[in-house]
Amino acid sequence: MSEALTGTADSQQAHLYTAAGFRAALVAETSVVTGAMGAGKTFWSTALADTASRHLIARSYRLPRLTRTRVVAGHTAGGERSGIQPATVAGLISAGVRPLHLWTAVLLTAVGAPEAAGYPTWAERCNWVAADPGALQRFATSCAEQDQGDVLVLFDGLEMLHTDRAAVEGHLRALLELDGALADAPAGRQHCSRVRLKVFVQPDVLAGLGTSREPSRRAPRTAELSWGRDRYAPDRWVALYGLAFELLGNHPGASGSAFRALHPGWELDQDGKFTAPSALRSDPGAQRTLFDQLADPHVDGSPRRGNLYDWLPGRLQDAVGRVSPRSFLAALAAAAEQTANTLPGHERAIHHTAGRAAVIAGARVRADELARTAPWIHDALAPLEGLQVPLVPDAVFDRWRQTTLLGKPSAHGAPVGPRNAGGDALLDELVAAGAMYRRANGQIDLPDVLRLFHGLGRRGGVAVRTAVREAAAAH
C-alpha cells in the first residue's frame, strides 16, 4: 500500500487525478488560479503544458476546446520550460524595465509573434514593447481574424522571483493588466481564437493587490485549488481520499486488482488508466465504507478518539483547513508501512495505533514543502521551539526579538518573504497563511502539522518528536 501511494509520484499522467472541484481552475477562461503551498499549482501548470495530459484533462472535464488550444509557458516555477529565466527578470527590472513591458515582451515571444522575432535580446524586446504599445493589440487581433486556434500562456512561480513581497505583487499586477488588455482586444466572431493568460499564484500574493486594478478593467475570473478548505462541509475530504483510492487502484499487479475488487464500477480509459467509480470520488459515505476495510476505524481503537477517516486529514490541515495532498499520501503510506513492519499479520493494512506515525510523516512532508516555497514561515516558527500552545502573543514576541525573520534565498530560488519583520503585523500574516490561528481569548495556537515539526508542545496532543525535524533536515 505504501509503495502505491508514494512510489511513482513523479509520473505526471499516471497521477492526473481530475477532482470535480478543480474544473473551474482548468478552463481556459479562468485567468487566475490560487492555491496554497503544496496545493498543486505547478503540477497543473505542467499538466496543461503537456499535450497528453492536457487531452486527458479535456476528456475528464468535457472541455473539447482545450484539445485545440496551443499552450505555451511564459514563466514556470522551475524555469526549465520558461520563456525567460528568473535572473534575466531581475536584471531587466534592475535596469529600469517596467513589469508590464517585460511580461508583454515575454508573452509575445512565447506565442511566436512575428514582430518579436526581429529583436534578438530580452532588453531589445522590452524596449520595442515600450516604444510600440499597440504591438499586443495587433497580435491579438491577428489571432482572432485568422482563427488558427486559441493560445493559452501559463505563468507560475512568481513567488520565486524576489524576496520582496511588493516586487512580486508588482509582477502579478502587471500580468493582470496584460490579461485585461487581451480581454479588451477585438474578438471578431463570437467563437474566434483568443490569446489568454492563466496565472498560478499563492492566495496571499493575490490578496496583497487589494482592489488596485483599474476601474475600467473587468475583474479576472479566479478559481482556487483546494483539497478540503471548507471545514464544515460533510464531503470536505473526498478529493484527498479519491486521489488515494485512484493511486491504489492503478498500482500495477495483483495489489491494484485486489483493491479494485473491493468496490465495483472501475473503468479502464483509453490511456490505460483506471478511473474510480463516482461514489469513491464524491461520496464520503462510500469512501468511509471502503476505508474501513483498509484501516481500523477508530483512532487508538477507541470510538471516543474519533474515526480515522476524519481524524487523519484533520490533523494534517493548516489553520484555515487546507491539506497538502503530498502530506496526506505520505501519512497514509507511513501508517501502512508501520503496520506492515510491526504487525504483519493484522487483518487491515493500517492498525489503529499507526495514526501518530502517520501525522509525524505528514508533518515532515509539509515542512519540506514550506521550506522550499515559504521559508519565512519556518523562520518565524523556529524560535518558538520548546514552548507549549496556546501562547500569549508576548511570549511569541519575546522569542522573535532574538532572531531575524526576513525571507531568505534558497537553492530553489528566492521565495517571497513577509511584509513585516515582527509584532502583531507578522502574526496577522502567519494567520492569513494558515500557520497560526487566534483563539477567542486572544491566545495564539498552531495546527498540529506545523506544531509538531517546530517542536511545540500541547497538553493532550500528538507528542512532539525531534526525529521529525531531523528527518526533514536530512531529506
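Further remarks concern the packing of aromatic side chains. Within the structure shown, the criterion is met by 13 aromatic pairs. Relative to F259, the ring of F245 lies with its centre 5.8 Å away and its plane at 45°, an arrangement referred to as tilted. Highlighted residues: F245 in helix α12 (residues 238-249) and F259 in helix α13 (residues 254-260), separated in sequence by 14 residues. F259 shares its class with F245; the two are buried. In this structure an aromatic cluster arises from ring pairing among Y241, F245, F259, W266, F291, Y309 and F328. R125 extends its terminal NZ or CZ atom over the ring of W122, reaching a point 4.5 Å from the ring centre.

Cis rather than trans, the peptide bond between V389 and P390 has omega equal to 0°. Along the polypeptide, P390 turns up in the loop between β8 (388-389) and α20 (393-400). A positive phi angle, near 55°, is found at R62, a position not held by glycine. One can find R62 in the loop between α4 (51-61) and α5 (64-67).

The subject of this paragraph is the pairing of strand β1 (residues 32-35). Here β1 shows no split at all, with V32 and T34 on one side and V33 and G35 on the other all buried. The pairing of β1 with strand β4 (residues 195-201) spans 3 bridges and is parallel. Its bridge partner lying in β4, V33 is registered against F200. Of the strand pairs in this sheet, β1 and strand β5 (residues 222-225) are connected by 4 bridges, and their pairing is parallel. Across the sheet, V32 pairs through a bridge with T222, a residue of β5.

Scanning the model with the defined rule gives 23 salt bridges in all. Note that E246 and K273 form a salt bridge whose closest N and O atoms lie 2.9 Å from each other. One end of the pair, E246, is in helix α12; the other, K273, is in the loop between β6 (267-268) and β7 (274-275), with 27 residues separating them in the sequence. Given the relative accessible area of 3%, E246 is considered buried. Judged by relative accessible area, K273 falls into the buried class, the value being 9%. D445 is the partner of R458 in a salt bridge, and the nearest nitrogen-oxygen pair spans 3.0 Å. Separated by 13 residues along the polypeptide, R458 in strand β11 (residues 457-458) and D445 in strand β10 (residues 444-445) bring together distant segments of the chain.

Ranked by internal contacts, the top residues of the largest apolar core, which has 91 residues, are L312, F328, I377 and W400. Counting residues per element, this core draws most heavily on α12, which supplies 9 residues. Core analysis: the second largest hydrophobic core is formed by 45 residues, L108, C126, C143 and V153 among them.

This brings us to the pairing of β4. For β4, the tally of buried residues reaches 6 of 7 residues, placing the bulk of the element in the interior. For strand β3 (residues 151-155) and β4, the ladder comprises 5 bridges, and the chain directions are parallel. Among the inter-strand pairings, V151 is bridged to a residue of β4, identified as V195.

This part is about the packing of α12 against helix α16 (residues 308-316). Contact pair α12 / α16: the axes reach a minimum separation of 11 Å and the direction vectors enclose 105°. As the angle between them shows, α12 and α16 are arranged roughly perpendicular. Side by side, α12 and α16 meet where V238, L240 and Y241 of the first sit next to L308, Y309 and P313 of the second. Partitioned by chemical class, the residues of the contact of α12 with α16 number 6 nonpolar, no polar and no charged.

Tracing the chain through its elements places G242 in helix α12. Its relative accessible area of 1% is what places G242 among the buried residues. Considering only alpha carbons, one finds G242 and A19, 223 residues apart in sequence, at a separation of 7.8 Å.

Time to look at the confidence of the model for the protein. The predicted model of the protein has a mean per-residue pLDDT of 85, with 87% of residues at 70 or higher. Within the protein, helix α23 (residues 466-474) has the poorest average pLDDT of any element, 47, and helix α8 (residues 122-131) the best, 96. Counted against residues more than four places away or in other chains, residues 8-13, with its pLDDT under 50, gives 12 contacts. Across residues 406-412, confidence stays below pLDDT 50; counting only partners more than four residues off in sequence or on other chains, it has 15 contacts.

In this section: the environment of L197. Structurally, L197 is set in strand β4. Each C-alpha atom of the pair L197 and L154 lies 6.1 Å from the other, and the pair is 43 residues apart in sequence. Residues within four places of L197 in sequence aside, it is in contact with T30, S31, L107, L152, V153, F155, L175, L178, D179 and L182.

Our next topic: α16. For α16, the tally of buried residues reaches 7 of 9 residues, placing the bulk of the element in the interior. For α16, every residue scored as buried is listed here: L308, Y309, W311, L312, P313, G314 and L316. Where α16 is buried, its residues meet α12, α15 (284-294), α17 (325-342), α18 (355-373) and α22 (448-451). Near the N-terminus of α16, the side chain that reaches the backbone nitrogen of Y309, with its oxygen 2.8 Å away, is that of N307.

Here we take up the sheet that holds β4. The strand order across the open sheet formed by 5 strands is β2-β3-β4-β1-β5, and the pairing between neighbours is parallel. Each edge of the open sheet is held by one strand with a lone partner, namely β2 (70-75) and β5. For this sheet, the mean angle separating the axes of adjacent strands, direction not counted, is 25°. Sheet strands in contact with helix α7 (residues 99-110) are β2, β3 and β4, and its direction is about 145° off that of β2.

Thresholds, definitions, all that
- Residues numbered from 1 in each chain as written.
- Predicted model: local features only at pLDDT ≥ 70, side-chain atom pairs only at ≥ 80, totals over all residues.
- Heavy atoms only, no water.
- Phe/Tyr/Trp six-rings, centres within 6.5 Å; stacked < 30°, edge-to-face > 60°.
- Helix = DSSP H or I, 4+ residues; strand = E, 2+ residues; numbered from the N terminus.
- Buried < 20%, exposed > 50% of the residue type's maximum accessible area, 1.4 Å probe, protein only.
- Lys NZ or Arg CZ within 6 Å of the ring centre and 35° of its normal.
- Pairing = 2+ DSSP bridges.
- Salt bridge = Lys/Arg side-chain N within 4 Å of Asp/Glu carboxyl O.
- Core = buried A, V, L, I, M, F, W, Y, C linked by side-chain atoms within 4.5 Å.
- Axes fitted to C-alpha atoms, helices over the stretch in contact; angles between N-to-C directions.
- Parallel < 35°, antiparallel > 145°, perpendicular 65-115°, else oblique.
- Contact = heavy atoms within 4.5 Å.
- Nonpolar A, V, L, I, M, F, W, Y, C, P; charged D, E, K, R; others polar.
- pLDDT = per-residue confidence, 0-100.
- Polar contact = N/O pair within 3.5 Å; in protein donor to acceptor, adjacent residues only side chain to side chain.

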